[in-house]
Amino acid sequence: MANKNSLTITDNRTGKSYEVPIEHDTIKAMDLRQIKVKDDDFGMMTYDPGFTNTASCKSKVTFIDGEKGILRYRGYPIEQIAEKSNYLETAYLLLFGELPTKKQYEEWEYNITHHTFVHENVKKFMDGYQYDAHPMGMLVSTVAAFSTLYPEAKNIDDPDTRLHQVHRLIGKMPTLAAYAYRHKMGFPYVYPDNNLSYTGNFLNMLFKMSEPKYEPNPVLERALDVLFILHADHEQNCSANAMRSIGSSNADPYVATAGAAAALYGPLHGGANEAVLRMLAEIGDVKKVPEYIKRVKAGDFRLMGFGHRVYKNYDPRAKIIKKMADEVFEVTGKNPLLDIALELERIALEDDFFVSRKLYPNVDFYSGLIYQAMKFPTDMFVVLFAIPRTSGWLAQWLEFLDGPDRRIARPRQIFLGEDSRDYVEIDKRK
Ligand code: CMC
């Protein structure tokens with residue numbers, strides 16, 4: 001009698017049956033390796049390009065139920081965190097598993113705030129980039145360059161050294177991002193103002209001109225903080241997977257973060273909100289929306305900001321952002337592209353093409369409209385995603401390093417190339 005918590009697999013090639021244990025509704029891929037036709041066979045593998053049904057780790061950080069549209073950080077619903085918390089507290093929660101006490105929070109805020117300054121050399125790195133370089137390209141390579149400034153970061157098994165790099169990365173990302181922006185604009189760099197909040201200081205480093213003290217608009221400061229909360233982590237997405245994968249070779253956290261940020265840069269991941277804005281600008285008029293949808297359905301291109309690998313329902317982050325947009329637009333004036341976005345959403349949500357494929361607006365559909373209204377240039381959007389996601393990447397990285405399954409990431413392949421053949425001299429090749 002088979003154990004109830006197991007799967008019985010019959011190999012019809014041999015007629016042999018195998019009993020494989022089930023844990024957390026999952027079987028271990030290595031348990032399939034015993035399934036062979038001949039003794040010297042390699043054994044059965046699973047094939048899963050894009051990891052659509054493969055758990056790459058066990059995690060306690062972020063929970064998503066894509067069918068129901070649920071997102072929780074360490075058990076707390078995203079709606080409650082977005083309403084009641086702030087980004088720095090959220091980062092603490094993601095990294096350490098619990099909300100901080102007042103004392104823990106003050107210490108954490110102090111440590112992050114006192115790591116916002118960057119080495120003066122960083123200005124020289126920045127000055128080396130083309131005047132019109134994409135800020136995300138500058139961010140990715142300058143984070144990697146931190147590895148050269150902090151060689152002790154290689155000591156990844158020392159908890160104090162690790163924590164020090166966590167403070168540095170979370171503290172310095174906004175500074176790097178702001179420097180990249182100021183370089184692009186040809187403006188002088190602005191040093192951090194440690195009397196301001198995390199997002200208030202970021203706005204200061206971006207937008208301060210000749211005024212002696214920059215005063216962030218409280219509505220915009222809070223809106224940016226909520227956007228940072230919503231972007232802080234999203235379990236095993238492409239960039240988190242890159243972070244864990246690079247981290248699995250024991251690389252230091254700066255180069256691992258640079259690799260994760262590079263993964264985020266792509267238009268199918270964090271680059272999507274930039275693509276949404278370009279799409280809305282290209283449509284240009286509410287009247288042109290039906291024609292655009294027709295072309296999406298014909299397969300000419302995708303509707304950017306729609307669809308998600310995990311969410312098969314309205315992305316809960318998009319709901320929060322959509323609601324917040326009104327508060328922001330009250331301060332900044334309405335973004336004229338909003339009407340096009342609303343019409344796109346209305347038509348798409350009634351259309352069987354989108355309904356049957358469960359394609360709903362994702363986090364990127366409305367965030368770009370807010371960023372644009374706040375005067376961020378389009379190419380800064382993905383940078384605005386990378387700053388808060390740094391805490392998520394680091395939480396995933398720390399969990400990996402301390403976990404029981406710490407091994408180098410090294411997938412298998414199904415080899416379909418040529419069998420062994422002899423080298424042909426160049427003058428004999430056809
Ligand atoms: N517009 C039109 N059709 C789409 C879209 C879209 N945005 N997304 C998916 N589809 C269709 C796709 O053509 C396919 O149809 P069919 O079954 O007829 O071939 C079906 O839906 C399933 O698509 P898929 O490519 O298998 O889905 P995926 O899970 O591999 O891709 C995705 C997920 C997010 C890459 C994709 O939905 C997409 O390209 N969306 C647009 C880009 C975007 O908004 N990305 C931001 C994601 S959220 C932020 C983040 O986490 O980074």
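Since we're looking at a predicted model, the values are computed, not measured. Here the residue index of a chain counts from 1 through its sequence in written order. Thresholds applied to this predicted model are a pLDDT of at least 70 for local features of residues and 80 or more for the giving and counting of side-chain atom pairs; totals over whole chains, interfaces and linings are not thresholded and use all residues. Each side-chain value is worked out from all heavy atoms of the structure, with water and hydrogens disregarded.

### A few points about the overall build of the protein chain
How we decide: The numbering of helices and of strands both runs from the N terminus, where a helix is a DSSP run of H or I of at least 4 residues and a strand a run of E of at least 2. A radius of gyration in this sense is built from C-alpha atoms; the matching globule rule multiplies 2.2 Å by the number of residues raised to 0.38. Three exposure classes are used, based on accessible area relative to the maximum for each residue type with a 1.4 Å probe and protein chains only: buried under 20%, partly exposed in between, and exposed over 50%. Here, residues are in contact when the closest pair of their heavy atoms is within 4.5 Å. For the area figures, the Shrake-Rupley method with a 1.4 Å probe applies, and any residue is considered shielded solely by the protein chains shown. We score Asp and Glu as negative and Lys and Arg as positive, and we do not count His or the chain ends. Lysine's charge is taken at NZ, arginine's at CZ, aspartate's at CG and glutamate's at CD.
The secondary structure content of the protein chain amounts to 17 helices and five strands. A compact globule built from 430 residues would reach a C-alpha radius of gyration of about 22 Å, and the protein chain, at 24 Å, matches this within 12%. Along the first, second and third principal axes, the C-alpha set of the protein chain runs to 80 × 65 × 55 Å. Out of the 430 residues belonging to the protein chain, those deemed buried represent 49%. Taking contacts inside the protein chain between residues at least 6 apart in sequence as the whole, the part at least 24 apart equals 71%. Taken as a whole, the protein chain presents about 22,500 Å² of accessible surface, with 52% of it coming from carbon and sulfur. Averaged over its 54 positive side-chain charges, the protein chain has a centre that lies 2 Å from the centre of its 58 negative ones.

### A few points about the domain arrangement of the protein chain
Applicable threshold: Residue ranges for the domains originate in an automatic or database domain assignment. Buried area is understood as the total, over both parts, of accessible area removed when two parts are fitted together, assessed with a 1.4 Å probe. One speaks of a salt bridge when a side-chain nitrogen belonging to Lys or Arg is within 4 Å of a carboxyl oxygen belonging to Asp or Glu. Polar contacts, as used here, are pairs of N or O atoms within 3.5 Å; protein pairs need one atom able to donate a hydrogen and one able to accept it. Residues neighboring in sequence count only if both atoms are side-chain atoms.
Assigned domains of the protein chain: these are domain 1 (71-268) and domain 2 (272-373). The C-alpha-based centres of domain 1 and domain 2 are spaced at 27 Å. Contacts between the two partners involve 17 residues from domain 1, matched on the other side by 19 residues from domain 2. Together domain 1 and domain 2 conceal approximately 1,500 Å² of surface at their shared face, both sides included; 75% is due to carbon and sulfur atoms. It is Leu227, Leu230 and His234 that lose the most area in domain 1 upon contact with domain 2, and together they represent 32% of the buried surface on that side. The interface formed by domain 1 and domain 2 includes zero salt bridges. Connecting domain 1 to domain 2 are two residue pairs in polar contact (both at pLDDT 80 or more). With seven residues, helix α8 (residues 218-230) is the largest single contributor of residues to the side of domain 1 that touches domain 2.

### A look at the side chain of Asp315
Structurally, Asp315 can be placed in the loop between α12 (289-297) and α13 (316-332). A polar side-chain atom of Asp315 sits 2.9 Å from the main-chain amide nitrogen of Val363. Setting aside residues up to four positions removed in sequence, Asp315 forms contacts with Pro361, Asn362 and Val363.

### Structural notes on the site of the ligand
Note the threshold: The nearness test applies per residue and asks whether one of its heavy atoms lies within 4 Å of the molecule or strand. Think of it as three bins: nonpolar holds Ala, Val, Leu, Ile, Met, Phe, Trp, Tyr, Cys and Pro, charged holds Asp, Glu, Lys and Arg, and polar takes everything else, Gly as well.
Neighbouring the ligand are 19 residues; His269, Arg302, Leu303, Gly305 and Arg309 lie closest to it. Measuring from an oxygen atom of the ligand, one finds a backbone N or O atom of Gly305 at 2.8 Å. Residue Arg309 places a side-chain N or O atom 2.7 Å away from an oxygen atom belonging to the ligand. When the ligand is considered free in solution it has 940 Å² of accessible area, and contact with the protein chains removes 72% of it. A breakdown of the residues in the shell around the ligand according to their chemical character gives nine nonpolar, six polar and four charged.

### What to know about the sheet that holds strand β5 (residues 76-77)
The line we're drawing: If DSSP finds at least two bridges between two strands, the strands pair.
Read across the sheet, three strands follow the order β3-β4-β5 without closing on themselves; strand pairing throughout is antiparallel. Unpaired on one side and paired on the other, β3 (62-65) and β5 mark the two borders of the sheet. Both strand β4 (residues 70-73) and β5 contribute to a ladder of two bridges, which runs antiparallel. When the bridges of β5 are listed, Tyr73 appears paired with Tyr76.

### Here's the deal with the pairing of strand β1 (residues 6-11)
As judged from the six bridges shared by β1 and strand β2 (residues 16-21), these two strands associate in the antiparallel manner. For Thr8, the partnering residue across the bridge sits in β2 and is Glu19. Taken together, β1 and the strand that follows it, β2, pair antiparallel across an intervening segment of four residues, in which Gly15 is found at a positive phi of about 80°.

### Brief notes about the pattern of salt bridges
In a structure, side chains of opposite charge can pair up when their charged atoms sit close to one another. For the structure shown, the criterion picks out 24 salt bridges. The shortest N-O distance in the salt bridge between Arg168 and Glu152 comes to 2.8 Å. Taken as a pair, Arg168 in helix α6 (residues 159-185) and Glu152 in the loop between α5 (135-149) and α6 lie far apart in primary sequence, 16 residues in all. We classify Glu152 as partly exposed; its relative accessible area is 36%. A salt bridge links Arg406 to Asp157; the shortest N-O distance between them is 2.9 Å. Pair noted here: Arg406 is in the segment after α17 (381-402) and Asp157 is in the loop between α5 and α6, with a separation of 249 residues, a long-range link. By relative accessible area, Arg406 is classed as partly exposed at 27%.

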